[in-house]
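Residues per chain are reported as follows:
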Amino acid sequence: MWRGRRAVIAACVFLAVETAPAAALAQAVDELYASGVKARQAQHFDESAKLLRRALALKPDNADALVQLGFAELGRNNLPAAREAFSRALALAPTYLDASFGIAQVEFRSGNLDAALQLAEEVSRAERGNADAATLVANIRKAQQADSSKQKPATARKKLRPPRPDPVAGLMEKGQRLRAAGQLPEAENAYRRALGLAPKNTDILVAMGLVAGSQQKFDEAGHFFDQALAIKPGLLDARLGKVRLAIWQGDVPRARAMIDDVLGTAPGNAEAIALDARISLLERDYTRAEQSFQRVLAIDPRNAEALVGIGDVRRARGDDDAARDAYRQALALEPGSRDIEQRLAASPPRKWRLDIGSEVSDLTDGLGDWTDSSTGLAYRPTPQTTISGRTRMATRYGRTDVQIDGRIDQAFSPTVSAYVLAAATPDADFLARYSVGAGASWRIMAPAKALGPFSLNIDARYDNFATAEVTTISPWVQVYVLDGRLGLSARWVHAADDIGTRADGYVLRADVAVVPSVNVFGGYGDAPEISDGTLVPTRTIFAGISWDVTDPLTLRGSLAHEQRPTFDRTTFGLGLTARF
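Everything numeric in this text was worked out from a predicted model, so none of it was measured.

Peer 1: How should the pattern of salt bridges be read in this particular structure?
Peer 2: Side chains carrying opposite charge are able to pair once their charged atoms draw close together. Under the definition given, this model contains 37 salt bridges. The closest approach of N and O atoms between Arg278 and Asp312, which form a salt bridge, is 2.6 Å. Of this pair, Arg278 sits in helix 14 (residues 270-282) while Asp312 is found in helix 16 (residues 304-316), placing the two residues 34 residues apart along the sequence. An identical accessibility class is assigned to Arg278 and Asp312; each is buried. The partner of Asp325 in a salt bridge is Arg328, and the shortest N-O contact between them spans 2.8 Å. Pair noted here: Asp325 and Arg328 are both in helix 17 (residues 320-333), with a separation of three residues, about one helical turn. Here the salt bridges do not stand alone but share partners, grouping Arg256, Asp260, Asp276, Glu283 and Arg288 into one network.

Dropping the structure here:
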C-alpha cells in the first residue's frame, strides 16, 4: 500500500543550495529517501525517520518523503508526528491516497472510528484492489461493533480507548532527549530500560554504545556495537559507532582504516563523511577536514555536526572569530546543545604567555645564599607551534651570570611532539657558555577513564663550560590514572663529561589535581647535578603547588632540599604565569 508515487511531486521545485549543483542535490535526496524507505521496511523506524527528515531538510516539498515519514512515525507509535507528516503531504498533493490512508490509520489508533472509517472507505473506493485499505475498513467496522456491544442502547457511542503507547519508543525518545541535554547517566538508564523490553533491537544497542562511549566506558560501548552487528551484520549505524569509539579512544589510525572501509560501501552517507572529516581534523589535515564537512552541508544544509566541525577546523587554524560564527549557526539549528554552548563559552585562545620565577637557596656550613631568577615570554602563532625566549640571572658566591635562551616547540600530530633549544651566557663565570638541546614526546596511549594518557619522552642537552663539556641524556615515562587526576613520571638521568666521567641517576615525581584549579606535586631524585661544569651526586626531595587564580593567571610555589657531598641546600621558589 505504502508505495512511492514520484509523479505526485513532478512539479515541485528543488530547494536551492548554493554549495551543491542540482544534480548532486537530487541524487542526495534520492539516496536518503531510498535508505529511509529500506530502513522502515526493515522496521528500523528510528533510523528511517532520521533519514527521511534529512531528505526533507533538502527538499521540504517532497510529498513521497512526507508519507514515508508518516508511516515511520506510525511504526514508532508517535501519532502526532505521523498526523503532521501525512497532513503536510495532503497539503501538497490533496489526492495522494497513501497520505489519506495514513491519516485513516492515525484516526483509527486514536479511537476516532467514524473519521477513520470515512477516510478508509474513500481510499478503498478509489483503489478497488487495495487490500490494505479493505482490511482497515473491516477492522474499523469490527471495532465499531465491539464498541457498540459494550454500550447500553441509550448511551452514546464512545471512542475506543487509544492503544497503549509503545514503551520502547517512549524510552528511546526520552534517552535521545536526555543525551542531547548532556544528561548521559540518565539517558543510559532510559536506554537500558528499553533494552530490557527489546533486547535484540539494534537501534537500542547502537544508542547504548554511543551513550556508554560518551562516558568513556569504551569496553562496554564496543560490546554493544558488536551485539548489534551480530544481530544485523554490516549495520551501518553500528559500524559508524565503532569508528566513533576509535576516535574517543584516540586510536586515529584504527579510526581512519574503519571509516575508509565504510566509505567504500556508503560513499554518500553524510554521517560517514562527517566522521572522515573529524578524523582528518585529528590528523591535522585541515584542508581535507573542511572539504569533507562542506560535502556534508551540501547533502544536508541543516547538519549542525558539520557546522561544529567547520568551527573546530577554523579554531585549530587559529581563527577564533570565524569558528564562533560557525558554532552560532550550529546552535541556531540545535538550540540548547550543551556541546555547542561549551565551545562558544570557551575563552578565545591566548597566544602569549609570560612566566616569572625566582628562587632563593640557603646553603649549610655558612656558605651563604644562591639566587636564581628568570623571565620568559612565549608566543603561539598556531595551536601546534610555540616560540619562547627567556632570560635567567643567577648568583653564586658573589658572582652573577645572565643567560639568554630560546626554544621552539612543535606538535606534529596529536601523539607526537618535539622541541629544540639554544642558550648562551656572555662572560660566563659558572653557567654554561652555551648550550643546545632537543627532546621529543610520543603518546602511546590516549586518555581513558581509568588509565591514560601514557607517553614516552626523551631529553638531550649539551653544555659547554669554560672548563668542561657535559652531555646529558634523559629518557622518561609519564602516565595519568584516576581519570587524569594523578600523574606519575619516572626519569633516568645519564650525564658524561669530556674527560670520561659518567654519572647516572633517577627522578620520580607525582602530580595530583586536588581540585580543577589546584595542583600539587612532589618527588624524590638521586641524580647528578651539573655545578660549574662538574657532575655532583645529589639527593633531592621536592614539592610544590600551583593555583589557577583565574583563567589567565597561575601562581606557583615550590620547596626542595638537596644533600650534596660538601653541603646541603634548601630552595624556596615563587612564580607566576600570565596568559594574554
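Now that the structure has been shown, the text picks up again.
Peer 1: It is not clear to me how the packing of helix 16 against helix 17 should be interpreted in this structure. Could you clarify?
Peer 2: For the pair helix 16 and helix 17, interaxial distance at closest approach is 7 Å and the crossing angle is 170 degrees. With respect to their mutual orientation, helix 16 and helix 17 come out roughly antiparallel. Judged by residue contacts, Ala304, Leu307, Val308, Ile310, Gly311, Asp312, Arg314 and Arg315 of helix 16 engage Asp320, Ala322, Ala323, Arg324, Ala326, Tyr327, Gln329, Ala330 and Leu333 from helix 17. Of the residues belonging to the contact of helix 16 with helix 17, the class tally is 10 nonpolar, two polar and five charged.

Peer 1: When you look at the environment of Val507 in this model, what are you seeing that I'm missing?
Peer 2: Position of Val507 among the secondary structure elements: in strand 10 (residues 502-515). For Val507 and Tyr524, which are 17 residues apart along the polypeptide, the C-alpha to C-alpha distance reads 5.9 Å. Here Val507 is in contact with Ser489, Ala490, Arg491, Val493, Tyr524, Gly525, Ala527 and Phe542, once residues within four sequence places are set aside.

Peer 1: What should I look at first to understand the packing of aromatic side chains in this one?
Peer 2: Geometry of an aromatic ring pair is reported as the spacing of the ring centres plus the angle between the planes. In this structure the tally under the stated criterion is eight aromatic pairs. Judged by centre distance (6.4 Å) and plane angle (5 degrees), the ring pair of Trp352 and Phe580 falls under stacked. Of this pair, Trp352 sits in strand 1 (residues 352-363) while Phe580 sits in the segment after strand 14 (568-579), and the two are 228 residues apart along the sequence. Relative accessible area serves as the criterion here: at 35%, Trp352 is assigned to the partly exposed category. Classification of Phe580 as partly exposed rests on a relative accessible area of 48%. A ring pair is formed by Phe521 and Phe542, whose centres lie 6.4 Å apart and whose planes are at 45 degrees; its orientation type is tilted. Residue Phe521 is found in strand 11 (residues 518-531), and its partner Phe542 is found in strand 12 (residues 534-548); the two are separated by 21 residues along the sequence. Cluster of aromatic residues (ring-pair linked, three or more members): Trp352, Tyr379 and Phe580. The residue whose ring lies beneath Arg509 is Phe521, and the NZ or CZ to ring-centre distance is 4.1 Å.

Rules used in this analysis
Residues numbered from 1 in each chain as written. Predicted model: local features only at pLDDT ≥ 70, side-chain atom pairs only at ≥ 80, totals over all residues. Heavy atoms only, no water. Salt bridge = Lys/Arg side-chain N within 4 Å of Asp/Glu carboxyl O. Helix = DSSP H or I, 4+ residues; strand = E, 2+ residues; numbered from the N terminus. Buried < 20%, exposed > 50% of the residue type's maximum accessible area, 1.4 Å probe, protein only. Axes fitted to C-alpha atoms, helices over the stretch in contact; angles between N-to-C directions. Parallel < 35°, antiparallel > 145°, perpendicular 65-115°, else oblique. Contact = heavy atoms within 4.5 Å. Nonpolar A, V, L, I, M, F, W, Y, C, P; charged D, E, K, R; others polar. Phe/Tyr/Trp six-rings, centres within 6.5 Å; stacked < 30°, edge-to-face > 60°. Lys NZ or Arg CZ within 6 Å of the ring centre and 35° of its normal.

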